[in-house]
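Secondary and tertiary structure notes
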Amino acid sequence: MKIATKFLGEVDIAEQDILTFEQGLLGLEEEKEFVLLPIDADLPLALLQSVLHMEIGFVVAYPFAFKKDYSFDISEEDREQLQIEKEEDVLPYSIVTMKETFQDSTINLLAPVILNMAKKRGKQIVLQDNKAFPLRYPMQPLEGSVK
Amino acid sequence: MLVLSRKKDESIMIGDQIEIKILAVEGEQIKLGIVAPKTVKVHRSEVFEAIQAQNKEALASSSNFLEQLKKK
């Protein structure tokens, strides 16, 4: 099926690519179906696009590419909702707030989007308050991790 | 909404596993102690509001960002 995307034009997706967010995202509780689309093979970024609404698309970043010592716990409740069986199935992404320049842009380390690629489920979880992993972490790439 | 009055060192139970105790009252500030099972998440409500606002801001951000990335 073809869907209209925020930044990538029209994209052909398969039914099995759809990720279900039972609770939507924080502030967007009604938005329950997303797809993860590659943006550029050289960058640790992707587009988390709503299947239904073109204007709802988030640029997301692989957090470890920007914060090497990033870590998080997934609660038992979240684990159940995401149907996580193996650690390898878990793919975390951080929502990017894009500013005019890359240097001014930030990523949200406090509330990562956790995807279970095996079960095609996703949820935005909230970590315990932690100064090292803030809501707005400057998006400075680590040496050598981004082309 | 249930409204209860409590004094310092008094507490309330929510269900049989969550206890909220008043540890100190200093002017406008109240210090709470929360005892809850690990599976119960406890957050300040501002945290949720801030994350919601950040999600909205992320959605509103400009699209020329990707062009810039490609130029880099």
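Residues numbered from 1 in each chain as written. Chains lettered and ligands numbered in written order. Predicted model: local features only at pLDDT ≥ 70, side-chain atom pairs only at ≥ 80, totals over all residues.

Things to note about the overall build of chain A
- Summing up its helical and strand segments, chain A has one helix and eleven strands in all.
- Beginning at the N terminus, the succession of helices and strands in chain A can be written as β-β-β-β-β-β-α-β-β-β-β-β.
- Taken against the 2.2 N^0.38 rule, which gives 15 Å for 147 residues, the C-alpha radius of gyration of chain A at 15 Å falls within 12% of a compact globule.
- Counting only C-alpha atoms, chain A reaches 40 × 35 × 30 Å along its principal axes.
- Relative to its full complement of 147 residues, chain A shows a buried share of 34%. (Helix = DSSP H or I, 4+ residues; strand = E, 2+ residues; numbered from the N terminus. Rg over C-alpha atoms; globule rule 2.2 N^0.38 Å. Buried ≥ 20, exposed ≤ 12 C-beta atoms within 10 Å, placed from the backbone.)

Description of the overall build of chain B
- Assigned secondary structure in chain B consists of two helices and three strands.
- Across chain B, helices and strands are ordered from the amino to the carboxyl terminus as β-β-β-α-α.
- When burial is assessed residue by residue, chain B has 7% of its 72 residues classed as buried.
- Taking contacts inside chain B between residues at least 6 apart in sequence as the whole, the part at least 24 apart equals 0%. (Contact = placed C-beta atoms within 7 Å.)

Topic: the interface of chain B and chain A
- The interface is formed by 23 residues belonging to chain B together with 28 residues belonging to chain A.
- Broken down by element, the side of chain B that touches chain A gets its largest block of residues, eleven residues, from helix α1 (residues 45-60) of chain B.

Points about the nonpolar core
- Residues Leu 48, Val 60, Ala 61 and Val 96 of chain A are the most contacted members of the largest nonpolar core, which totals 36 residues.
- Among the secondary structure elements, those contributing two or more residues to this core are β4 (33-38), β5 (45-50), β6 (57-61), β7 (90-97) and β9 (113-116) of chain A together with α1 of chain B.
- Discounting residues that sit within four places of it in the chain, Val 60 of chain A has contacts with Leu 45, Ala 46, Leu 48, Tyr 93, Ser 94, Ile 95, Val 96 and Val 113 of chain A. (Core = buried A, V, L, I, M, F, W, Y, C linked by C-beta atoms within 7 Å.)

Here we look at the pairing of strand β1 (residues 11-14) of chain B
All names here are of chain B.
- Both β1 and strand β2 (residues 18-26) contribute to a ladder of four bridges, which runs antiparallel. Looking across to β2, one finds that Ile 12 is bridged to Ile 20.
- Remark: three residues form the turn of the hairpin made by β1 and β2, two consecutive strands paired antiparallel; Gly 15 in that turn has positive phi of roughly 65 degrees. (Pairing = 2+ DSSP bridges.)

Concerning the sheet that holds strand β3 (residues 29-35) of chain B
All names here are of chain B.
- What the three strands build is an open sheet, ordered β1-β2-β3; its pairing is antiparallel. Taken across any chain shown, the strands that pair with only one partner, and hence form the sheet edges, are β1 and β3. This sheet shows a mean twist of 25 degrees between the axes of neighbouring strands, independent of strand direction. (Axes fitted to C-alpha atoms, helices over the stretch in contact; angles between N-to-C directions.)

A closer look at the environment of Ile 56 of chain A
- Relative to the helices and strands, Ile 56 of chain A resides in the loop between β5 and β6.
- In the structure, Ile 56 of chain A is positioned 22 residues away from Phe 34 of chain A in sequence and 9.3 Å away in space, judged by C-alpha atoms.
- Not counting chain neighbours up to four residues away, the residues in contact with Ile 56 of chain A comprise Leu 28, Glu 31 and Ser 50 of chain A together with Leu 59 of chain B.

Observations concerning unusual backbone geometry
- One non-glycine residue, Lys 120 of chain A, adopts positive backbone phi at about 60 degrees.
- Looking at the element boundaries, Lys 120 of chain A is found in the loop between β9 and β10 (121-124).
- Judged by local crowding, Lys 120 of chain A falls into the partly exposed class, with 15 C-beta atoms found within 10 Å.
- Positive phi is not limited to glycine here, since Asp 9 of chain B has a value of about 75 degrees.
- Summarising the element assignment, Asp 9 of chain B is placed in the segment before β1.
- Overall, Asp 9 of chain B belongs to the exposed group, with 10 C-beta atoms counted inside 10 Å.

Describing α1 of chain B
- Over its 16 residues, α1 of chain B extends 23 Å from the first C-alpha to the last, a length consistent with the 22 Å expected when each residue adds 1.5 Å.
- For α1 of chain B, the full list of buried residues reads Ile 51, Gln 54, Asn 55 and Ala 58 of chain B. Axial view of α1 of chain B: buried residues confined to an arc of 105 degrees, hence all on one face. Exposed positions of α1 of chain B whose direction lies more than 90 degrees from the buried face are Ser 45, Glu 46, Glu 49 and Ala 60 of chain B.
- Buried residues along α1 of chain B sit in contact with β6 and β7 of chain A. (Expected span 1.5 Å × (residues − 1). Arc of directions from axis to C-beta.)

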